[in-house]
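What follows is each chain in one-letter form.
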2 protein chains.
Amino acid sequence: MVKVNEDLRKERDRCTFNIQELTTLVDGDLQKTLDRKERENVMLSKQDVLKKVPDEYLSHKEKYENAIRESVILFGLVRRMQEEGKTTIDNYRDVVGGLLGSSTTRDGSPLGLHYIMFMPAILNQGNEEQHAKWLPRAWNFNIIGSYAQTELGHGTFIRGLETTATYDPSTQEFVLHSPTLTSYKWWPGGMGQTANYCIVVAQLYTKGHCHGIHSFIVQVRDEETHIPLPGIKVGEIGAKLGLNAVNNGFLGFDNVRIPRTHMLMKHAQVLEDGTYVKSRHSKLNYGAMVFVRVVIVFDMVNYLSKAVTIATRFSAVRRQCQMKAGEPECQILDFVTQQHKIFIGIAACHALRITANKLWDTFHAVSEELVAGNLNRLPELHALACCLKAVSTADTAAYVERCRLACGGHGYMLSSNLPLTYGLVTAACTYEGENTVLLLQTARFLVKTWQQMDTANLTPTVMYFKEASSKGFYDKWQNSVEGIIRGFQVVAMRKVETCVETMKGRAASGMSLEDAWNQTSVQLVSAADAHCRVIILSTFYEEVVELAKTTSPELKTVLFQLVDLYSLYWALEKLSDLLLYTSISQKDVSDLQAMYEDVLRKLRPNAVGLVDAFDIRDEMLQSTLGSYDGRVYERLMEEAMKSPLNAETVNDTFHKYLKPFMQGKL
Amino acid sequence: MVKVNEDLRKERDRCTFNIQELTTLVDGDLQKTLDRKERENVMLSKQDVLKKVPDEYLSHKEKYENAIRESVILFGLVRRMQEEGKTTIDNYRDVVGGLLGSSTTRDGSPLGLHYIMFMPAILNQGNEEQHAKWLPRAWNFNIIGSYAQTELGHGTFIRGLETTATYDPSTQEFVLHSPTLTSYKWWPGGMGQTANYCIVVAQLYTKGHCHGIHSFIVQVRDEETHIPLPGIKVGEIGAKLGLNAVNNGFLGFDNVRIPRTHMLMKHAQVLEDGTYVKSRHSKLNYGAMVFVRVVIVFDMVNYLSKAVTIATRFSAVRRQCQMKAGEPECQILDFVTQQHKIFIGIAACHALRITANKLWDTFHAVSEELVAGNLNRLPELHALACCLKAVSTADTAAYVERCRLACGGHGYMLSSNLPLTYGLVTAACTYEGENTVLLLQTARFLVKTWQQMDTANLTPTVMYFKEASSKGFYDKWQNSVEGIIRGFQVVAMRKVETCVETMKGRAASGMSLEDAWNQTSVQLVSAADAHCRVIILSTFYEEVVELAKTTSPELKTVLFQLVDLYSLYWALEKLSDLLLYTSISQKDVSDLQAMYEDVLRKLRPNAVGLVDAFDIRDEMLQSTLGSYDGRVYERLMEEAMKSPLNAETVNDTFHKYLKPFMQGKL
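Source: prediction; values computed, not measured.

About the criteria used
- Residues numbered from 1 in each chain as written.
- Chains lettered and ligands numbered in written order.
- Predicted model: local features only at pLDDT ≥ 70, side-chain atom pairs only at ≥ 80, totals over all residues.
- Heavy atoms only, no water.
- Contact = heavy atoms within 4.5 Å.
- Buried area = accessible area lost by both parts, 1.4 Å probe.
- Salt bridge = Lys/Arg side-chain N within 4 Å of Asp/Glu carboxyl O.
- Helix = DSSP H or I, 4+ residues; strand = E, 2+ residues; numbered from the N terminus.
- Nonpolar A, V, L, I, M, F, W, Y, C, P; charged D, E, K, R; others polar.
- Buried < 20%, exposed > 50% of the residue type's maximum accessible area, 1.4 Å probe, protein only.
- Pairing = 2+ DSSP bridges.
- Least-squares fit on C-alpha atoms with pLDDT ≥ 70 in both.
- Expected span 1.5 Å × (residues − 1).
- Polar contact = N/O pair within 3.5 Å; in protein donor to acceptor, adjacent residues only side chain to side chain.

Some thoughts on the interface of chain B and chain A
Counting residues at the interface gives 137 residues for chain B and 137 residues for chain A. Across the chain B/chain A interface, buried area totals approximately 11300 Å², and carbon plus sulfur atoms make up 64% of it. At the surface where chain B touches chain A, the tally comes to eight salt bridges. R506(B) is the salt-bridge partner of E597(A), the closest N and O atoms lying 2.5 Å from each other. Sort the elements by how many residues they give to the side of chain B that touches chain A and helix α5 (residues 60-83) of chain B lands first, with 11 residues. Across the side of chain B that touches chain A, the residue classes tally to 59 nonpolar, 47 polar and 31 charged.

Brief notes about the pairing of strand β2 (residues 164-168) of chain B
All names here are of chain B. Most of β2 sits inside the fold, with four of its five residues counted as buried. Here β2 folds back onto strand β3 (residues 173-177) in antiparallel fashion, the turn holding four residues, of which Q172 has a positive phi close to 55°. The pairing of β2 with strand β5 (residues 197-206) spans three bridges and is classified as parallel. Bridge pairing in β5 places T164 opposite Q203.

Looking at the sheet that holds strand β4 (residues 185-186) of chain B
Residue and element names in this part refer to chain B. A sheet is described by the order of its strands in space; here three strands give the open sequence β4-β8-β7, paired in antiparallel fashion. A single partner strand is all that each edge strand has here, and the edge strands are β4 and β7 (232-236). Judged from the five bridges that link them, β7 and strand β8 (residues 249-253) form a sheet pairing that is antiparallel. Along β8, the bridge assignment pairs G235 with F250.

Describing the pairing of strand β5 (residues 197-206) of chain A
On any regular strand, side chains alternate: one points to one face of the sheet, the next to the other face. Residue and element names in this part refer to chain A. With nine of 10 residues buried, β5 is to be regarded as a mostly interior element. Bridging between strand β1 (residues 145-148) and β5 involves four bridges; their strand directions are parallel. Each residue of the ladder has a partner; that of Y147, found in β5, is I199. Pairing of β5 with strand β6 (residues 209-219), which is carried by nine bridges, proceeds in the antiparallel orientation. Paired with Q203 across the bridge in β6 is I213. Taking the residues between adjacent antiparallel strands as the criterion, β5 and β6 are bridged by two residues, where K207 takes a positive phi near 50°.

What to know about the relation of the copies chain B and chain A
Under the fitted operation, chain B is carried onto chain A by 0.0 Å of movement along the axis and a turn of 180°, and the coordinates agree to an RMSD of 0.0 Å. On the angle and the small slide along the axis, the relation comes out as a two-fold axis. A symmetric contact is evident, with 100% of the interface residues of chain B recurring at the interface of chain A.

Concerning helix α14 (residues 435-451) of chain A
One turn of an α-helix holds 3.6 residues; hence residues three or four places apart share an orientation. All names here are of chain A. Here α14 is 17 residues long and its end C-alpha atoms lie 24 Å apart, about the 24 Å a rise of 1.5 Å per residue gives. Burial within α14 is extensive, with 12 of its 17 residues counted as buried. Listing the buried residues of α14 in full gives N435, T436, L438, L439, L440, T442, A443, F445, L446, V447, T449 and W450. In this structure E434 caps α14, since a side-chain oxygen of it lies 3.0 Å from the backbone nitrogen of T436.

Right, here's the structure in full:
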């Protein structure tokens with residue numbers, strides 16, 4: 001048993017609440033904690049097989065080869081859990097999507113998309129025959145699939161995709177073709193060297209008409225030899241900021257023929273003679289998009305929990321500067337500027353998780369309504385998922401970077417695991433809908449809602465528009481969480497109103513509606529962001545009020561401190577909005593600032609306990625700076641010694657280049 | 001001659017000003033442009049020798065070996081320039097420090113610190129005999145040096161360094177020792193496998209007394225065999241977010257003896273009998289710190305110029321979304337949200353360069369006063385360099401990330417060169433003084449200035465404190481650059497005042513001064529930031545007024561648009577401060593917002609011309625997205641094909657792991 005760093009031990013001793021109680025609350029209930037721990041035991045049971053030279057010292061090619069070796073071991077464990085009935089396609093997220101998956105295959109996996117996109121696409125878009133034909137083979141990993149939508153020249157605007165699938169009734173086949181360089185598929189995970197099948201999204205042509213984008217199952221490599229099939233051009237797209245183990249690929253088609261039955265036909269169909277049969281539920285696909293975006297919010301919470309665990313523990317161990325002459329150097333966690341950098345991330349883990357849980361439940365409720373044919377709440381839910389994905393990814397990226405910078409130079413070491421975590425988080429700002437585009441989609445919904453406010457019934461999450469615009473809703477500012485929520489509601493409402501008025505003015509002066517929208521878009525993005533802040537903060541607060549009914553008094557106190565911190569931090573961040581749109585005074589602002597500094601002080605003694613409660617095992621944290629025992633400096637040195645450069649006393653280049661150069665011979 | 005992308009050609013055709021004129025203005029004058037181009041020609045003349053598999057596909061060890069191979073070629077060119085008298089130690093920055101150096105050895109060089117720190121340290125801290133002994137050998141690269149200050153457990157707080165140098169009069173030697181793991185030197189560039197000498201900063205002990213930190217020249221490896229000398233423990237620290245070609249190392253001493261004459265003795269000395277002779281100019285070292293920090297600001301400008309060039313050209317080539325039905329997809333540069341992301345970076349290149357130039361000139365003027373014994377302006381200059389380094393690095397990191405994210409998924413590709421650029425820029429937020437610590441140093445100066453305002457003469461850069469606090473200075477808000485500058489002055493002054501009052505209140509309620517300072521430190525950081533914004537914005541404006549006297553009317557218009565953009569952007573960013581401390585009204589704010597949107601629109605047609613004027617050759621830009629000809633998609637595919645994974649049809653892991661796994665055998 002290794003000795004735990006003395007400072008960390010003291011921190012844990014003085015924690016005022018029961019850490020285990022908070023862990024249970026984070027997991028949901030005790031059974032869920034036990035289930036999670038069992039999954040972790042299974043998935044981490046092969047750690048010895050995995051251990052070698054750390055990935056960061058390998059070449060790009062070696063990283064891929066190692067990712068395949070490790071993925072096969074890990075997905076072998078998944079297959080065993082499947083066989084034992086411990087996991088179904090419904091809860092794959094627990095296994096590969098969440099914290100666990102992202103840590104055992106730290107920089108992604110070439111098999112991830114098979115589980116996350118390929119199987120779900122067949123499940124959601126395929127008909128029963130297609131399910132019967134493809135799912136068993138996919139479920140058993142007899143085939144490995146990818147999902148190809150984005151093209152080299154086309155991303156977020158999917159109507160612009162160029163790949164074509166043209167139906168040929170004479171052979172009852174689709175002909176897949178890439179007419180240009182920009183039409184090459186670009187980004188699909190596992191596409192480079194791994195997958196032998198793929199879902200391809202392409203423009204469907206039949207009987208001379210284009211019917212927009214549809215999905216097709218395409219075999220890309222021979223099952224026996226793995227050699228690309230004729231007409232298929234496939235490879236990997238090269239090195240990236242992160243996700244380098246994912247084997248993202250490109251894919252081009254030179255008139256590749258596939259059977260008619262390879263079009264996913266649950267919704268729209270192409271009959272044998274080429275007749276196109278339209279989908280009766282064209283909006284159902286929105287459901288899948290909402291689903292994926294909620295999953296992303298949970299991912300963000302997982303990454304952020306890691307980052308704050310690392311930064312908090314490191315800050316408790318690291319000592320620097322004498323606060324007072326003659327005293328020993330102090331723990332950097334005692335600096336208020338350091339608390340300011342880190343604690344907001346801890347609070348945000350809870351705020352975002354709780355909001356995502358709520359959205360997840362709403363999503364499931366609405367899904368049942370959808371099946372029953374009631375699509376009323378779909379636009380609202382879609383707007384919500386858009387802004388929540390955008391705000392949670394952008395905020396998390398900022399929080400993680402704050403944590404990394406809070407660890408100074410050591411945060412710059414890959415062995416801290418903070419740079420990689422940032423790389424994975426910032427990717428989410430772009431994939432599954434670029435954040436600015438998503439916020440503008442939310443803005444469109446909000447503007448529409450505003451314009452119909454007097455004539456239509458408002459759906460729950462925008463109900464506050466009416467209240468906030470009613471006379472007397474907000475006469476006097478209040479320095480409290482509820483006051484801040486009301487203030488944020490007024491801000492969001494007034495921002496939407498201002499956008500509408502600005503666009504009206506611009507249209508009146510002769511601008512086209514589209515140009516007026518574009519010219520106002522910076523403000524529209526800001527309005528959607530403000531709306532999202534209302535949702536997160538009010539959900540966080542309301543749910544904590546509920547949760548606190550059954551927690552111990554000690555934990556209750558801490559939970560409300562986190563809500564306070566979160567609301568005060570964001571009130572101060574968005575102060576210009578509050579000053580513009582509410583009656584907040586200069587005195588209120590300086591009180592808010594003091595309250596913020598005070599809550600940092602209150603949370604300080606529990607900081608280590610708060611991150612311990614996220615209960616992230618060292619094998620999953622994979623950080624020299626963040627491990628439970630706090631042996632920061634020992635681990636930094638141990639990791640450095642794993643560098644292959646340190647395995648030899650003198651590197652060959654000394655004799656080959658350096659010495660001749662120093663002697664003036666080169 | 002490759003065809004230039006049609007969209008880019010059109011952009012250049014409609015540019016309203018003479019691009020060459022702006023390039024000359026950026027360089028300083030025409031002769032400087034010619035000199036720069038000549039240096040580029042020399043340094044880029046060996047490009048063919050350098051070309052191979054891109055660095056991002058190599059292993060960590062291969063990256064090092066390649067860095068040595070390339071550095072020897074490149075520093076061979078430097079040596080030739082030295083021999084031809086084209087460069088001296090005074091202008092090494094032009095050769096290795098600036099844009100050129102950072103692009104030919106893109107991720108840093110193991111020989112960089114030899115030039116940037118080792119030689120200057122000997123020059124500045126060594127006496128004449130030491131100059132004669134060491135400089136010729138260093139200048140000719142007969143020895144290669146590093147600079148070791150930071151330790152595993154000690155960074156910004158250098159008084160806390162643990163390495164000891166104890167004088168032994170019996171042998172007239174210093175004994176260097178690392179008493180703990182945390183005392184190991186950590187980070188010195190080139191230290192891992194490259195350098196054979198090193199400047200070591202250690203606590204000097206003689207006659208039983210500690211005299212604080214001093215610098216020593218230490219040989220670490222044998223000149224012939226390169227084997228570490230007895231008692232030396234040396235190696236590299238491992239993989240990092242960036243700078244992986246720098247070969248950062250660790251260094252420990254087990255009672256290593258060096259001659260007394262290896263202590264750098266220009267200032268303090270240890271005599272043969274062990275008598276310590278104090279330096280007469282203990283503050284002179286501040287000068288070197290100021291110098292290094294100004295150099296960092298110039299580095300930031302170089303990196304940012306690259307990032308905005310890449311993002312702007314890509315945004316002109318990339319088409320996405322139909323703004324109006326039936327029209328072709330539009331250039332994403334036409335989206336106002338995109339302009340909002342990128343144009344501020346273009347303006348900031350000029351604002352930061354101009355401010356750094358001014359500080360550079362001031363620094364040289366003050367240096368002469370220093371030599372003459374006048375230290376009056378040193379605290380001011382030090383405070384200025386601290387905040388300017390902090391704000392310029394933090395801002396640039398944010399601008400570069402905006403540029404990267406503005407390029408969507410393609411910005412995530414390493415071949416865009418944006419991720420690496422971010423990695424290099426964000427490192428500067430930590431090295432040479434961590435940003436938060438630096439801002440607190442500036443804050444300390446500002447607080448002191450405020451407290452002495454009525455009794456002491458204010459130095460030039462804080463003169464505005466008095467004006468801004470005088471009655472009637474700011475009765476009516478003005479929506480103009482001058483109005484914003486005055487507003488920022490009031491904000492900075494009032495923030496410092498508020499901090500002082502808050503700390504007084506806290507001290508009055510029984511807090512120690514140190515605790516009151518700490519508890520107020522978030523606000524102190526913000527006050528120092530506000531002061532820095534005053535300096536940058538006012539310097540930018542005043543210098544452009546001067547420059548515009550001799551430019552063409554067309555360029556003058558554009559320069560003032562950049563000043564407008566920069567001031568409007570930051571006024572809106574810092575709106576809460578303006579609302580709190582000035583008389584700005586709601587109407588003024590909405591006018592500011594409209595003015596901001598308007599200046600984006602005005603700059604739009606000149607965006608490509610503005611980045612072309614930075615005149616960065618493709619070989620230095622090294623970006624698939626940013627090259628002059630705009631062949632974005634072709635280059636992305638060409639770079640992808642350089643991945644060694646794409647050199648083979650089927651990777652070995654298919655047969656070894658994947659196929660057995662798919663067949664259920666693994």
